[in-house]
Structure formats: structure tokens, C-alpha cells
Protein chains: 2
Amino acid sequence: MSENKIPYKIYLSEDELPKAWYNLRADMKNKPAPLLSAATGAPMSAAELEAVFCKELVAQELDNDTPLFEIPREIRDFYKMYRPSPLVRAYCLEEKLQTPAKIYYKFEGNNTSGSHKLNSAIAQAYYAKRQGLKGVTTETGAGQWGTALSMACSYLGLDCKVFMVKCSYEQKPFRREVMKVYGASVTPSPSETTEVGRRILAQFPGTTGSLGCAISEAVETSMGDPGYRYVLGSVLNQVMLHQSIIGLESKAALDKYGVKPDIIIGCAGGGSNLGGLIAPFMGEKLRGEADYRIIAVEPASCPSFTRGKFAYDFCDTGMVCPLSKMYTLGSSFIPNADHAGGLRFHGMSSTLSQLYHDGYMEAVAVNQTDIFQAAEEFARVEGILPAPESSHAILAAINEANRCKETGEEKTILFGLTGTGYFDLVAYEKFHSGVMKDVVPTDEDIARSLAQLPEVNG
Amino acid sequence: MSENKIPYKIYLSEDELPKAWYNLRADMKNKPAPLLSAATGAPMSAAELEAVFCKELVAQELDNDTPLFEIPREIRDFYKMYRPSPLVRAYCLEEKLQTPAKIYYKFEGNNTSGSHKLNSAIAQAYYAKRQGLKGVTTETGAGQWGTALSMACSYLGLDCKVFMVKCSYEQKPFRREVMKVYGASVTPSPSETTEVGRRILAQFPGTTGSLGCAISEAVETSMGDPGYRYVLGSVLNQVMLHQSIIGLESKAALDKYGVKPDIIIGCAGGGSNLGGLIAPFMGEKLRGEADYRIIAVEPASCPSFTRGKFAYDFCDTGMVCPLSKMYTLGSSFIPNADHAGGLRFHGMSSTLSQLYHDGYMEAVAVNQTDIFQAAEEFARVEGILPAPESSHAILAAINEANRCKETGEEKTILFGLTGTGYFDLVAYEKFHSGVMKDVVPTDEDIARSLAQLPEVNG
């Protein structure tokens with residue numbers, strides 16, 4: 001193994017850290033559909049969006065044409081604390097699988113937030129700071145995004161108010177505590193602090209909350225104070241832009257060794273990691289310069305690509321956000337509580353939705369007991385204990401590598417290892433003790449929530 | 001900041017990974033005192049030690065003369081999964097402190113075990129495997145060493161039996177679960193599975209265990225099956241040898257940029273990180289080639305260097321291990337249960353003890369509320385959430401940097417950031433909520449346990 005020319009980990013130097021984010025939309029013939037006002041059904045103007053989001057981020061959100069956005073020096077300095085992140089050649093996994101495939105993964109878990117979310121958190125916090133704001137509000141489920149944002153805000157001296165889905169707040173006290181180390185205020189959602197929270201609590205007493213509901217509360221809170229704006233860790237075009245750093249670094253590292261992936265695999269919840277990982281590769285594909293198989297992997301318990309509808313929908317339960325055209329299971333869809341593996345959002349990035357709709361990528365849905373099996377197999381040979389989210393991609397990569405074993409093809413597979421599973425050990429324990437079940441919504445479940453799509457779809 | 005010539009993180013390439021461990025003892029005029037048989041008071045022979053430890057490791061343990069030990073290729077391959085580890089220039093901390101000091105830290109937390117312990121775990125597991133053993137036994141407190149060993153054993157296909165101090169087993173279920181992901185069996189100690197465990201349970205019903213007791217159980221278990229040997233994560237000479245990789249990489253990284261540290265700081269429990277970090281620097285100091293201030297930082301609640309006695313003592317509570325000459329608080333000393341920051345061993349590496357005795361290094365003891373304060377300050381500017389153990393070194397480094405601010409001296413400080421605090425959030429929560437107290441043993445506490453030193457001291 002040690003004679004191999006390609007090292008276990010390809011590290012770019014800090015000088016090689018990308019100087020600009022890549023905006024995939026610039027190369028799309030069919031642009032993602034615009035955000036619409038829920039009230040009027042008309043496209044949201046910049047001015048309307050600026051009531052919710054930071055000005056500069058709105059510009060990034062609406063810009064479908066500029067291919068490159070320079071990364072400000074301050075953000076690059078922050079990136080240097082944990083980037084460039086390693087691109088790892090999975091020699092040990094290949095040997096374990098006895099596959100002729102060559103497997104690479106981009107590891108985004110080497111920072112305290114434990115995932116790629118920090119890439120966009122620091123960007124969004126930076127633009128809020130530059131706008132002279134006092135702070136930002138957001139929601140978090142298991143807490144990866146909230147942790148990332150609290151780290152970024154603490155670094156910049158910005159206030160950070162996090163609404164954390166109540167069941168996670170209670171069941172995952174450690175993530176909550178990390179946010180507090182970084183000085184964030186963390187409120188269990190639904191809460192009595194917002195109108196939408198009070199309304200939901202009145203309607204569903206004892207509810208343990210949902211991501212969609214926490215979004216509504218965070219948005220309402222930001223709109224009640226001109227010194228605050230709302231920030232979101234996935235789904236939005238701006239987030240895909242910031243996360244392109246993942247793909248740009250991966251491509252630069254592979255290019256150094258003349259390696260071209262055949263298959264690129266990412267897990268998909270709202271799409272932030274997948275969109276970032278595939279960005280420069282998809283760009284080449286869109287421009288007709290190269291071809292890649294691109295696979296989105298989603299949980300069978302929240303299958304927006306594979307069983308959802310491509311339609312305008314609310315991003316939040318409280319319906320205070322604009323409408324986004326995307327693959328959706330309906331804004332009232334809540335994955336089964338026994339689903340442990342994250343990726344719980346009912347919708348999907350509109351950029352990725354358009355690309356999927358146009359046939360530029362595939363999607364598969366996988367069961368959670370299989371992903372934990374893959375996670376454990378991976379951990380034992382590659383050392384890293386993966387996040388359940390990331391393990392969706394691991395499973396798909398293993399499946400592709402096993403197919404190569406059958407056919408003898410020496411394909412090159414690149415997947416995104418978005419984060420570590422250090423805060424997911426309750427789920428690992430469930431898996432070990434045999435308590436974990438596969439939970440798949442029925443057709444009726446999905447039809448019920450899709451029946452509530454907004455009228456704008458006609 | 002970005003104009004600075006020295007990057008935020010200095011990464012060596014895989015080719016620059018040290019090819020040999022450095023044995024500090026080779027350069028010591030006064031060698032560490034030999035291990036003695038508790039029964040006879042005579043130095044332990046290789047044959048006697050081989051009943052407990054792997055053959056090759058016994059050779060390393062007893063060799064005070066060979067300066068370099070080649071690192072086998074298989075171990076180097078494993079190291080490549082997470083090494084070379086980054087040497088970080090703490091630009092953000094320097095700015096926060098407004099100090100003229102230049103601060104560097106060697107970060108050993110970028111692996112799933114979360115600390116430097118993996119460096120010796122893979123070495124010890126490798127030699128056990130090469131000896132044709134079925135498995136190894138060990139003890140663990142909070143679980144860092146047990147996790148590291150289970151990762152190493154899983155990689156090599158070796159059985160791993162861990163005795164985990166009972167209070168940690170119950171209060172830290174996540175570390176226990178990580179060990180299970182890696183296939184280890186984990187037994188709360190004291191247990192009914194060993195004679196010494198049964199004896200301690202009979203004598204102290206309801207005891208929550210101690211490290212010294214878990215060591216006794218692990219040793220007894222290994223001696224009951226010829227397919228097993230006992231392995232230990234700190235204190236021993238062999239562990240210092242394996243951990244020299246930390247210092248060798250640090251020195252190679254600094255040498256690349258022509259940087260020479262003035263002060264080198266490491267936390268000290270059993271001494272594995274400190275001994276490893278300082279090894280090549282101390283070597284130069286012993287050979288008269290360079291001078292460095294070397295500072296060991298220990299918890300005020302377990303102050304073996306600063307308040308212990310340099311004497312022969314048992315390494316374990318059950319008194320089944322050989323006697324080691326070291327700074328010790330007495331083998332019956334158990335730090336106050338309110339002490340949260342690790343580094344709980346009553347003794348200290350005999351190599352480091354001899355060096356301290358001979359005046360080659362300093363030691364300071366610090367209070368836990370101060371170390372958590374330093375940990376939080378560090379996390380907020382440098383991003384990484386540090387382990388409480390590592391935060392002892394952070395605090396001492398901050399104190400030295402503040403002294404430089406007063407005097408205007410531009411000293412270069414290197415400290416060891418041994419690991420991450422992701423599994424220490426209960427302690428962080430105690431700190432935040434103001435519940436954490438400083439716990440310092442009285443002179444009477446220490447005199448009481450020192451009164452039980454073995455007779456061999458005369």
C-alpha cells in the first residue's frame with residue numbers, strides 16, 4: 001500500500017485554497033425557479049427578501065449569471081483554521097471490499113462543528129457583520145448547523161439566537177452545550193417567545209417540534225428586530241454557492257494527481273453538501289466538457305427526490321417563508337420519529353431539484369439499518385466514526401464499489417463524508433442493540449401532505 | 001494576517017512522517033530506575049515482564065540505550081490515516097491576547113479516538129498481533145485510551161477487552177458505545193469477573209471504581225489466558241517511545257520554517273503526551289545542543305509532580321503490577337470525584353520523573369475552573385473545542401503569553417493540544433452553570449496515601 005503514488009490524504013496548501021466560490025446556476029440553461037411571495041404569488045424582489053436576509057446574501061441568492069464570487073479575505077482567514085480539508089483515498093476500505101474501484105472521500109468533519117455546515121455559516125455571519133447587524137437567528141435540528149453558526153458568530157463577535165427542535169434540545173444536550181460554549185442562546189422550539197410558536201403550541205399541545213416550525217420561529221424573531229436577520233444552513237442558492245468550496249477543493253486535489261472521478265455521490269437532505277461537492281463537476285457536465293454519474297442519496301424515511309413532487313411549496317411549517325420550487329413531500333410532512341439519520345427536511349434545494357428534473361443526476365433512497373451497517377464497516381477500516389447523514393453516501397459508495405467487483409470495472413468513486421458521528425451515539429446504540437427499525441412513509445402519508453401544496457401550483 | 005509567511009497549519013507530507021521513534025532514555029545520563037518485583041524487590045527481568053506484556057514491547061521498555069526504533073511499515077500505514085497531524089500557529093489566540101508571543105500547538109485530536117492515545121495503541125496492538133496473540137486487555141477511565149485501543153484492534157482484527165472505571169461507564173455511555181462500534185468488549189470495573197475485582201467489591205461495596213483498580217483487573221485477566229497480554233496507555237517507557245512521534249513531527253514542522261521554541265508546554269497525567277511532545281527537544285537539551293524551558297502542567301486535584309514524592313510505588317490499586325520509581329501521591333490516592341479534567345493517575349512516567357528530579361523541567365499545578373475558562377477562550381477564537389486535559393496546557397500557554405505581553409518579549413511557545421472535548425460536555429455544562437468547584441487535596445490527604453508506599457523504599 002505504502003508504495004502507491006497517491007497519498008492516503010491529499011492536502012492542498014493554504015495558498016491553494018480556492019479564492020472564489022463557483023455559482024453553478026451560471027452554467028444552467030434552465031435556471032432554478034424564483035422564490036415566490038406566499039401572499040401574492042409574485043417573484044420575491046430583492047427588497048422583500050432583504051427584510052429577512054442580509055443584503056449581500058440576497059444578491060447572491062438572486063444572481064443566476066455570475067459564475068464566480070470572490071471569497072472575502074476575512075472568510076478565507078477563517079477557512080484556514082480548518083481548510084483545505086483532506087481528500088482521502090480510502091485504501092483500507094478498498095482492500096476490505098476487495099474491489100477494483102478506487103474510492104476517494106472529501107472529509108468535512110475535521111472541525112468542532114463536526115460538519116461542512118461551517119463553510120456557509122462563516123460566510124453568512126460575515127455578511128451580517130459587514131451589514132452592521134447585531135446578530136442573526138436560525139433554527140437547528142440535531143444541532144450541526146446551530147453549532148457551526150454559533151462558532152462563526154463567536155469568532156466575529158455577533159449575537160446568535162438558535163431555535164432548536166424541542167426533541168433534539170432535550171435528547172441532544174451536548175450539541176446544545178457546545179453552542180453555549182460559543183455563546184449562542186438556544187431556545188427549544190416551539191416556544192412561547194414567538195406568535196407562530198404560541199399558535200403551534202395551542203394547536204398541538206405537547207408537540208416535540210419540527211424543523212419547519214423552528215424555521216418559522218427564527219424568521220419571525222429576526223423580523224421583529226431590525227438589528228437581526230435570519231440565516232439558513234441549507235436549501236438556499238447562497239448556501240450551495242458557499243459550499244462549492246467542497247467540490248472546488250476536491251477537484252483541485254484530484255487534478256493534482258490527474259484523477260477523474262466516474263461517479264460522484266453525496267447525501268441529500270436540503271442539498272447543501274451535495275450541491276457543494278458536485279458544483280465544479282456538474283459545471284463541466286452542463287458545459288459539455290465532461291461526463292460524470294452523479295448520485296444523490298436520501299433516507300427512505302424522507303424521500304423528497306425519489307417520492308416527492310416537483311412543485312412550489314413552503315419551506316417552513318408556519319408558512320411565513322417564501323415559496324420555493326423544489327422536490328417536496330409537502331411542508332407538513334414530518335419523518336417518523338424513529339428515523340435517526342438526519343436529512344429530515346421535507347423539500348430540497350431548488351437548484352438541485354431543477355438539475356434532477358432535467359436529468360443531470362440520479363437519486364436513490366436507502367434504509368437506515370443499512371446505513372448504520374455501512375457506517376460501522378467504514379469506521380472499522382477507515383478509522384473515522386461517520387455521521388449518519390454522511391453514511392448515506394458511504395453506503396451508496398460501497399454499493400457501487402461492490403458492483404465494480406462484480407463487473408471488474410476499475411471505476412473511480414468520489415463521495416462526500418460530511419461529518420462525524422460523535423453526537424449520534426444514541427442512534428449507534430439503537431443500531432447495536434437491534435432496536436433500530438426501518439421507517440418508510442406509506443403512499444397515503446405522502447399523498448396527505450402533498451394535498452396541502454399551495455394554490456400557486458394551479 | 002494572511003500575508004504572514006507561516007501558514008495557519010503546518011502539515012508535513014506523508015513522506016515526511018518520521019520513520020523511527022526516538023528513545024529519550026538513550027540520551028539520559030541518569031536513566032529511569034528499573035521496574036521492581038513487588039514480591040522480591042529485585043528488578044523485573046524480561047522474562048517476568050513478558051508474562052504481562054508483549055515480548056517486543058518488553059524489549060522497548062527495558063532498552064535505555066538504543067536512540068531510534070524503526071516504525072514498522074504497517075504502523076506507518078495506520079498512522080497515515082490521521083498523521084502527520086497539524087502543527088497550528090495560533091494567530092487568532094495571539095491576536096485575542098494582544099501578545100508579542102508566537103504560539104504554536106500540535107493538534108492530536110483529529111481522529112475518532114479524539115486524542116494522541118492512538119499513536120501508542122496501534123503500536124501495542126501491532127506487536128501483540130505479530131506475536132500471534134488473540135487479543136489484549138486494558139483499563140480506561142474516561143475512555144480515550146480504550147477508544148484508541150479498540151480502533152487499533154479492530155483495524156488489525158485483534159480481540160480487545162476493556163475494563164472501564166465504573167463511574168465513567170455509567171456517566172459516559174457515549175465513549176463506551178464508540179468502543180462497541182469498534183468491536184471491543186467493555187466491562188465496568190470493579191467487576192465480578194476477576195479475583196481482585198471481587199475482593200475490592202467485598203471490601204468497598206458500592207465503590208464506583210478507580211483507574212488503579214481497573215488496571216489490576218485488566219492485568220489479572222490477561223494473565224489468566226496465554227492468548228492475551230495487558231497493554232497500558234501511559235506511564236510506561238514504551239508509551240513515551242511511541243508518543244515521540246508527536247515531538248518529532250512538531251520539530252520537523254518548526255524546522256521547516258526555521259522556528260525554535262523557547263517554551264514547551266504539555267499537560268501531564270501519566271506523562272504520555274508530555275513525554276512524546278518534548279522528546280526530541282529534551283534530547284537536544286540533554287546533549288547540550290539547545291536549551292528550552294519545559295513545563296509540565298498538572299491538575300491541582302492530582303498534583304503528583306508538585307506535591308508527590310519521588311519513590312517506588314505500585315501503579316495499581318490491587319498491587320499486582322511491578323513497582324515503578326516515580327513522583328507519586330500513593331497508589332491509594334483517588335482524586336476528588338468533582339475533578340472533571342482527566343489526568344487522574346496517582347503516579348507519573350518514571351522517565352519524566354527522573355528528568356524532573358534532575359532539574360530538566362518545571363511543573364505547575366492549575367485549578368479546574370481556570371482551565372475551563374481557558375478552554376472556552378481558546379474555543380471561541382481557535383475554533384477547536386479542547387479536551388479538559390489539553391486545556392491544562394492551554395492555560396499555561398496563555399499565562400506565558402500574558403507574561404510576554406507584560407515584558408514585551410517575543411517568545412515562541414509550543415504546546416500540546418492532545419485532544420477534543422466532544423465527550424466532556426457534562427463537565428463544560430457544570431462549568432457554565434457555576435456548579436464546578438476547585439478541588440485540592442489537603443496535606444493530610446496526601447500524607448495518608450503516601451504513608452502506604454511499599455517497603456522497598458526503605
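This structure is a prediction, so every number in the text was calculated from the model and none was measured.

Trainee: How would you summarise the pairing of strand β6 (residues 135-140) of chain B if you had to cite specific residues and measurements?
Mentor: Residues and elements named next belong to chain B. In terms of residue burial, β6 counts as a mostly covered element, since six of its six residues are buried. Examined bridge by bridge, β6 and strand β7 (residues 159-165) share six bridges and lie parallel to one another. Looking at the pairing, Thr138 lines up with Val162 of β7. Remark: the β6/helix α6 (residues 144-156)/β7 crossover connection has right-handed handedness. Pairing analysis gives three bridges linking β6 to strand β9 (residues 228-230), with the strands arranged parallel. Bridged to Gly135 within β9 is Tyr228.

Trainee: Residue-level account of the relation of the copies chain A and chain B, with values.
Mentor: Turning chain A through 180° and shifting it by 0.0 Å along the axis lays it on chain B, with an RMSD of 0.0 Å. Taken together, the rotation and translation relating the two chain copies correspond to the operation of a two-fold axis. When C-alpha positions in chain A are compared against the rotation axis, the closest is assigned to Asn110 of chain A, at 3.2 Å. The residues that chain A uses at the interface reappear at the interface of chain B in 98% of cases, marking a shared surface.

Trainee: Just give me the short version of the nonpolar core, but keep the residues and values in it.
Mentor: Ranked by size, the top nonpolar core spans 246 residues in total, and within it Met361 of chain A together with Met361 of chain B carry the most contacts. Leaving out residues up to four positions away in the same chain, Met361 of chain A has contacts with Leu274, Ile278, Met282, Ile294, Ala296, Phe305, Leu352, Leu355 and Tyr356 of chain A.

Trainee: Describe the state of the cysteines, and please don't skip the residues or the numbers.
Mentor: A complete count under the given rule lists zero disulfides over all chains for this structure. Here Cys54 of chain B is not cross-linked by a disulfide; its sulfur's nearest cysteine counterpart is in Cys153 of chain B, at 9.9 Å. This cysteine, Cys92 of chain B, is not joined by any disulfide, and Cys153 of chain A carries the nearest cysteine sulfur, 16 Å off. On the accessibility criterion, Cys92 of chain B (7% relative accessible area) is buried.

Trainee: Can you explain the side chain of Ser168 of chain A? Please cite residues and give values.
Mentor: All names here are of chain A. If you trace the backbone, Ser168 turns up in helix α7 (residues 166-171). With a relative accessible area of 11%, Ser168 lands in the buried category. A polar side-chain atom of Ser168 sits 3.2 Å from the main-chain carbonyl oxygen of Gly141.

Trainee: Report on the packing of helix α2 (residues 55-62) of chain A against helix α5 (residues 118-130) of chain A, specifying residues and quantitative values.
Mentor: All names here are of chain A. At a closest axis distance of 8 Å, the pairing of α2 and α5 adopts a crossing angle of 130°. Considering the angle they form, α2 stands oblique to α5. In this structure, α2 uses Glu56, Leu57 and Gln60 to contact α5, whose residues at the interface are Gln124, Tyr127 and Arg130. Its residues placed into classes, the contact of α2 with α5 shows two nonpolar, two polar and two charged.

Trainee: Please provide a residue-by-residue account of the sheet that holds strand β15 (residues 412-417) of chain B, values included.
Mentor: Spatial strand order, β1-β4-β5-β15-β10-β11-β14 (chain B): seven strands in an open sheet with mixed pairing. Here the strands that pair on one side only, and so sit at the sheet edges, are β1 (9-10) and β14 (362-366) of chain B.

Trainee: Tell me about the pattern of salt bridges, residues and numbers included.
Mentor: Residue and element names in this part refer to chain A. All told, the structure shown has 59 salt bridges over all chains when counted by the stated rule. The residue Glu249 makes a salt bridge to Arg83 at a minimum N-O spacing of 2.8 Å. Taken together, the residues Glu249 in helix α11 (residues 237-256) and Arg83 in the loop between α3 (73-79) and β4 (87-89) connect sequence positions 166 residues apart. A relative accessible area of 0% means that Glu249 is categorised as buried. Among the salt bridges present, the one from Lys251 reaches Asp255, with a minimum N-O distance of 3.2 Å. Taken together, the residues Lys251 and Asp255, both in helix α11 and four residues apart, mark about one turn of the helix. Take Asp255: its relative accessible area is 45%, and that puts it in the partly exposed class.

Trainee: Could you give an account of unusual backbone geometry, naming the residues involved and the relevant values?
Mentor: Cis peptide bonds are those with omega within 30 degrees of zero, and the linkage from Ser189 of chain A to Pro190 of chain A qualifies with 5°. With respect to the helices and strands, the residue Pro190 of chain A is situated in the loop between β8 (185-189) and α9 (195-203). The phi dihedral of Val235 of chain B is positive, around 65°, even though this residue is not glycine. You can see Val235 of chain B is positioned in the loop between β9 and α11 (237-256).

Trainee: Residue-level account of the packing of aromatic side chains, with values.
Mentor: Applying the stated rule across the entire model yields 37 aromatic pairs over all chains. Taking 5.3 Å as the distance between ring centres and 80° as the angle between the ring planes, the aromatic pair formed by Phe281 of chain B and Tyr292 of chain B counts as edge-to-face. Within this pair, whereas Phe281 of chain B is found in helix α12 (residues 272-286), its partner Tyr292 of chain B is found in the loop between α12 and β11 (293-299), the two being separated by 11 residues in sequence. On the basis of relative accessibility, which here comes to 1%, the residue Phe281 of chain B falls in the buried class. For Tyr292 of chain B, a relative accessible area of 3% gives the class buried. For the pair Tyr327 of chain B and Tyr356 of chain B, a centre-to-centre distance of 5.1 Å together with 75° between the ring planes defines the contact as edge-to-face. With Tyr327 of chain B in strand β13 (residues 323-328) and Tyr356 of chain B in helix α14 (residues 350-357), this residue pair connects regions lying 29 residues apart in the sequence. When its relative accessible area of 19% is taken as the criterion, Tyr356 of chain B is described as buried. Chaining the aromatic ring pairs together yields one cluster made of Phe78, Tyr79, Tyr82 and Tyr155 of chain A. Geometry around Tyr169 of chain A places Arg176 of chain A over its ring, the cationic atom sitting 4.7 Å from the centre.

Trainee: Describe the side chain of Glu14 of chain A, listing the residues and the values that go with them.
Mentor: Assignment of secondary structure puts Glu14 of chain A in the loop between β1 (9-10) and β2 (20-22). With relative accessibility at 11%, the residue Glu14 of chain A sits in the buried group.

Trainee: Break down helix α8 (residues 173-181) of chain A for me, citing the residues and quoting the values.
Mentor: Side chains three or four residues apart in an α-helix point the same way, a direct result of the helix having 3.6 residues per turn. Residue and element names in this part refer to chain A. For α8, the tally of buried residues reaches seven of nine residues, placing the bulk of the element in the interior. Those residues of α8 not exposed but buried are Phe174, Arg175, Arg176, Glu177, Val178, Met179 and Val181. Of the residues trailing α8, Gly183 is marked for its positive phi of about 85°.

Trainee: Got a sec to walk through the confidence of the model for chain A? Specific residues and values, please.
Mentor: Averaged over every residue, the pLDDT of chain A is 95; residues scoring 70 or more account for 99%. We note a pTM of 0.95 for the whole complex and an ipTM of 0.92 for its interfaces.

Trainee: A description of the pairing of strand β5 (residues 102-107) of chain B should follow, citing residues and the corresponding values.
Mentor: Residue and element names in this part refer to chain B. For β5, the buried fraction is high: five of the six residues fall into the buried class. Where strand β4 (residues 87-89) lies against β5, three bridges are found, and the strand directions are antiparallel. If you follow Arg89 over to β5, its bridge partner there is Tyr104. Where β5 meets β15, six bridges bridge the pair, whose relative direction is parallel. Pairing of Lys102 across the sheet is with Thr412, part of β15.

Trainee: Explain the interface of chain A and chain B residue by residue, including any values.
Mentor: Tallying the contact residues gives 45 residues for chain A and 44 residues for chain B. Linking chain A to chain B there are four salt bridges. Among the secondary structure elements, those contributing two or more residues to the side of chain A that touches chain B are α3, α6 (144-156), α8, α15 (368-382) and α17 (425-432) of chain A. Counting residues per element, the side of chain A that touches chain B draws most heavily on α8 of chain A, at six residues.

Trainee: Tell me about the sheet that holds strand β14 (residues 362-366) of chain A, and name the residues and values.
Mentor: Strands sit in the order β1-β4-β5-β15-β10-β11-β14 (chain A) across an open sheet of seven strands; the sheet is mixed. This sheet does not close on itself; its edge strands, each paired only once, are β1 and β14 of chain A.

Trainee: Provide a residue-level description of α9 of chain A, including the pertinent values.
Mentor: Residues and elements named next belong to chain A. Every buried residue belonging to α9 is among Val196, Gly197, Ile200 and Leu201, and all of these are buried. Along the axis of α9, the buried residues cluster in a sector spanning 135°; they form a single face. Every exposed residue of α9 that faces more than 90 degrees away from the buried side is listed here: Glu195, Ala202 and Gln203. On its buried face, α9 sits against α7 and α10 (211-223).

Trainee: Account for the environment of Gly276 of chain A, naming residues and giving values.
Mentor: Residue and element names in this part refer to chain A. Relative to the helices and strands, Gly276 is located in helix α12 (residues 272-286). By relative accessible area, Gly276 is classed as buried at 0%. With 77 residues separating them along the chain, Gly276 and Arg199 place their C-alpha atoms 36 Å apart.

The rules behind each value
- Per-chain numbering applies: the sequence of each chain, read as written, is numbered from 1 onward.
- Labels follow written order: the first chain is A, the first ligand is 1, and so on.
- Local features are withheld for residues below a pLDDT of 70 in this predicted model, meaning they are given only at 70 or higher, and side-chain atom pairs are given and counted only at 80 or more; totals for whole chains, interfaces and linings count all residues.
- The side-chain figures draw on all heavy atoms in the structure; neither hydrogens nor water molecules are used.
- Whether a residue is buried, partly exposed or exposed follows from its accessible area with a 1.4 Å probe, protein chains only, as a fraction of its type maximum: under 20%, in between, or over 50%, in that order.
- Helix and strand definitions follow DSSP, with helices as H or I runs of at least four residues and strands as E runs of at least two, each counted in order from the N terminus.
- Only strands joined by at least two bridges in the DSSP assignment are considered to pair.
- A right-handed crossover is one whose linking path, passing over the helix from the first strand to the second, runs clockwise when the strands point away from the viewer.
- Superposing copies: least-squares fit, C-alpha atoms only, residues required to have pLDDT of at least 70 in both.
- Two residues qualify as a contact provided that any one of their heavy atoms is within 4.5 Å of a heavy atom in the partner residue.
- Side-chain atoms within 4.5 Å link the members of a nonpolar core, which is a set of buried Ala, Val, Leu, Ile, Met, Phe, Trp, Tyr and Cys residues.
- Defined by distance alone, a disulfide is two cysteine sulfur atoms within 2.5 Å.
- Polar contacts, as counted here, are pairs of nitrogen or oxygen atoms within 3.5 Å of one another; within protein the pair requires one atom able to donate a hydrogen and one able to accept it, and residues that are adjacent in sequence qualify only if both atoms are side-chain atoms.
- Axes here refer to lines fitted to C-alpha atoms; in helices the fit is confined to the stretch in contact. Angles between the N-to-C directions go from 0 to 180 degrees.
- Orientation is classified from the angle alone, with under 35 degrees giving roughly parallel, over 145 giving roughly antiparallel, 65 to 115 giving roughly perpendicular, and any other angle giving oblique.
- Here the term charged refers only to Asp, Glu, Lys and Arg, the term nonpolar to Ala, Val, Leu, Ile, Met, Phe, Trp, Tyr, Cys and Pro, and the term polar to all other amino acids, Gly among them.
- Only one rule defines a salt bridge in this text: a Lys or Arg side-chain nitrogen within 4 Å of an Asp or Glu carboxyl oxygen.
- Side-chain rings of Phe, Tyr and Trp (the six-membered ring for Trp) are treated as a pair once their centres are within 6.5 Å; stacked means planes under 30 degrees apart, edge-to-face means over 60, and tilted covers the remaining angles.
- In this scheme, Lys NZ or Arg CZ marks a charge over a ring once it lies within 6 Å of the ring centre and within 35 degrees of the ring normal.
- One confidence number per residue, pLDDT, is output by the predictor and ranges from 0 to 100.
- Picture the helix axis, draw a direction to every C-beta atom, and the arc is the one those directions span.

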